[in-house]
Amino acid sequence: MRGKLFTTYASVLVPSHIRVSNVASEIGVQTNELTKLALTIWPDGRPCAIVNYWLLKQAPNLTGDSITTYASQLTHLIKFCHSGRKDFHELSDQDIFDFVRAMKSITTVAGKQKKPSNNQIRQILKISLRFLMWFQNSNIYFSDTILIGVGEANPKITITWKQSSYTRARYIHHLAMPPGSSPIREKSPISSEVISNLENSISSDSTILHPCETTTRIVTCITDYLYERRTFCLWLFKRSGLRPAELIDIPVEENRNHLASGYILLPTKKTRNSKQVLRTFYLSMSEGSRVARYFRARNKFLASLKKHGQVVDETNAFLLTNSGKQLNRTALTKEFQRLVTKAGYVNQKVCMSMFRHRFITKEIQLYLKEFSKTQDKYDFSDDVLYQSILKRIATKTGHKSVKSLWSYINLAINDLFIFAEAEELLEQSNLYEEGMQLSISLRRATKIVARRNIELANEIETDLSSFESLIKKLFRKA
């Protein structure tokens, strides 16, 4: 039996309609280009035509990784039907209960238990029921029996319609659906301590280069660039809360004048637009200098590759691989997971999306604190205030609607006052770590200076030692 039952394709041309010329009586097929399309198969290798047809219908209205997510979620239903030797039109309420029970005890190929959260099961069931609703209403379903619907219609699968208390969106509900987990737990922000440990785990010697990839002459330029790329990625995740898919698609040419303009242009995913949409993210002078530092490292890296005879294609990608090509999402994810493991977080959930949760939560708290300066107390039922705050944050995060931001309200106010002093201490610790990280970067630079002027390098080393001592005293780390 196969493991992965779906494949994602990029830039797919699909026929949209047939055009007949009245003059020459010629027939032509018009096509549409889909940014992404995911297709599924049955565990025995046969294409799952019905699900693929539904995915093809959904793809034009989706961007980013949504179509891949849909395909991945529907493979659970495909596996269940295949193992039970049932077609989609044969499913009943009892099958839905069995389906949920099966998802709660999923096993991997190695035999290890893999228990998805209740929220994951709910999402899988929602998309499965949504697919079955489409299947029933399509020209593919010919049975006289109602497959899925509300109780009054006496269907084989009985559903009700509910509204999310957080996003306020309408969704399909079934009695087999497990209770939802708290969004506070599901969307836990990454802590300052974890970020600090991740930053401290970045080092040039953690990069293993294959002998055939490079020569000893350019090992240093590659490892130096990878160090700058990794530290920059963590910094930008922390500062902007952008999605991983947005990070790898940041354009270079559109951002070359960021210091003069005072902002950086970030791509926005999940916009339902086939063309890339850029949003403006404003930077302080020091933040602009941080972006400029990465630009210099990137330009130096590309120049070094060309100098040593490497063929480098011009790319508008912000992040590059060892060979100067665009870094893809898979490579970024794997690199982050290696960093998480090196930092010691083996059995603890640490992922890139937690930076986004942290950014949104902190932004809400910032606005609430500013509001509290003009008010005697909070009115925690003031939806108008929250709506205003979330609209401002949505412009920074790229959310088209504020509905998906509502769950962060409780997360933000949960510890707004109780842990105010602790937050201040964590912020001081974060500043200390940033100062020490800057010192480490400068020490790396002195190795290059030492090749030409050892005396100057020694002076810089002495000044850096004094700087570190001052930082430790300032933050009482001595």
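Bear in mind that the values here come from a model prediction, so they are computed numbers and not experimental data.

Here's the deal with the overall build of the protein
For step 1, the next point in the chain: In terms of helices and strands, the protein carries 16 helices and 10 strands.
For step 2, the next point in the chain: Burial analysis of the protein (478 residues in total) assigns 43% to the buried set.
For step 3, the next point in the chain: Contacts spanning at least 24 positions in sequence make up 62% of the contacts within the protein whose residues lie at least 6 apart.
For step 4, the next point in the chain: When the accessible surface of the protein is split by element, carbon and sulfur atoms take 52% of a total near 27,100 Å².

What to know about the packing of aromatic side chains
For step 1, the next point in the chain: The tally for this structure, following the rule as stated, stands at 21 aromatic pairs.
For step 2, the next point in the chain: Put simply, the rings of W42, Y53, W54, Y70, F88, F131, W134, F135 and Y141 pair up and form one aromatic cluster.
For step 3, the next point in the chain: For K4, the ring lying beneath its charged end belongs to F6, and the centroid distance is 4.9 Å.

Description of the pattern of salt bridges
For step 1, the next point in the chain: Evaluated as defined, the whole model comprises 12 salt bridges.
For step 2, the next point in the chain: Close ionic contact of D95 with K86 constitutes a salt bridge, the shortest N to O distance being 2.7 Å.
For step 3, the next point in the chain: For D95, a relative accessible area of 6% corresponds to the buried category.
For step 4, the next point in the chain: When the shortest N-O distance is used, the salt bridge between R230 and E335 registers 3.0 Å. With a gap of 105 residues between them, R230 in helix 7 (residues 219-240) and E335 in helix 11 (residues 329-342) connect regions that are remote in the sequence. Accessibility assignment for this pair places R230 and E335 in one class, buried.

Points about unusual backbone geometry
For step 1, the next point in the chain: Within the chain, R85 stands out as a residue other than glycine whose phi angle is a positive 55°.
For step 2, the next point in the chain: Its location among the elements puts R85 in the loop between helix 2 (66-84) and helix 3 (93-103).

Section: a nonpolar patch on the surface
For step 1, the next point in the chain: Together, I18, V20, I27 and V29 make up an exposed nonpolar region whose accessible area comes to about 430 Å².
For step 2, the next point in the chain: At the level of elements, strand 1 (6-20) and strand 2 (27-40) are the ones that each hand at least two residues to the nonpolar patch.

Concerning the nonpolar core
For step 1, the next point in the chain: With 64 residues, the main nonpolar core has L198, L247, F318 and I364 as its most contacted residues.
For step 2, the next point in the chain: Listing elements by their share of this core, those giving two or more residues are helix 6 (192-200), helix 7, strand 9 (263-268), helix 10 (285-307), helix 11, helix 12 (353-372), helix 13 (383-397) and helix 14 (407-413).
For step 3, the next point in the chain: Top contributing element to this core by residue count: helix 7, with 11 residues.
For step 4, the next point in the chain: With residues up to four places along the chain from it excluded, the contact list for L247 reads C233, L236, F237, L242, L319 and L332.
For step 5, the next point in the chain: Grouped together as the second largest cluster of nonpolar side chains are 47 residues, L55, Y70, F80 and M177 included.

Some remarks on the packing of helix 2 against helix 3
For step 1, the next point in the chain: Where helix 2 meets helix 3, the closest approach of the two axes is 11 Å, and the angle between their N-to-C directions is 110°. As summarised for this structure, helix 2 and helix 3 are arranged roughly perpendicular, according to the angle between their axes. With respect to the hand of their crossing, helix 2 and helix 3 are arranged in right-handed fashion. Residue-level inspection shows H76, L77 and F80 of helix 2 in contact with helix 3, the latter providing D95, D98, F99, A102 and M103.
For step 2, the next point in the chain: Looking at the contact of helix 2 with helix 3 residue by residue, the class counts come to 5 nonpolar, 1 polar and 2 charged.

Parameters and conventions
- Residues numbered from 1 in each chain as written.
- Predicted model: local features only at pLDDT ≥ 70, side-chain atom pairs only at ≥ 80, totals over all residues.
- Heavy atoms only, no water.
- Helix = DSSP H or I, 4+ residues; strand = E, 2+ residues; numbered from the N terminus.
- Buried < 20%, exposed > 50% of the residue type's maximum accessible area, 1.4 Å probe, protein only.
- Contact = heavy atoms within 4.5 Å.
- Areas by Shrake-Rupley, 256 points an atom, 1.4 Å probe, with all protein chains shown as cover.
- Phe/Tyr/Trp six-rings, centres within 6.5 Å; stacked < 30°, edge-to-face > 60°.
- Lys NZ or Arg CZ within 6 Å of the ring centre and 35° of its normal.
- Salt bridge = Lys/Arg side-chain N within 4 Å of Asp/Glu carboxyl O.
- Patch = residues over 30% accessible without salt bridge, like charges linked within 9 Å, V, L, I, M, F, W, Y side chains within 5 Å.
- Core = buried A, V, L, I, M, F, W, Y, C linked by side-chain atoms within 4.5 Å.
- Axes fitted to C-alpha atoms, helices over the stretch in contact; angles between N-to-C directions.
- Parallel < 35°, antiparallel > 145°, perpendicular 65-115°, else oblique.
- Left-handed = near helix turned anticlockwise from the far one by under 90°.
- Nonpolar A, V, L, I, M, F, W, Y, C, P; charged D, E, K, R; others polar.

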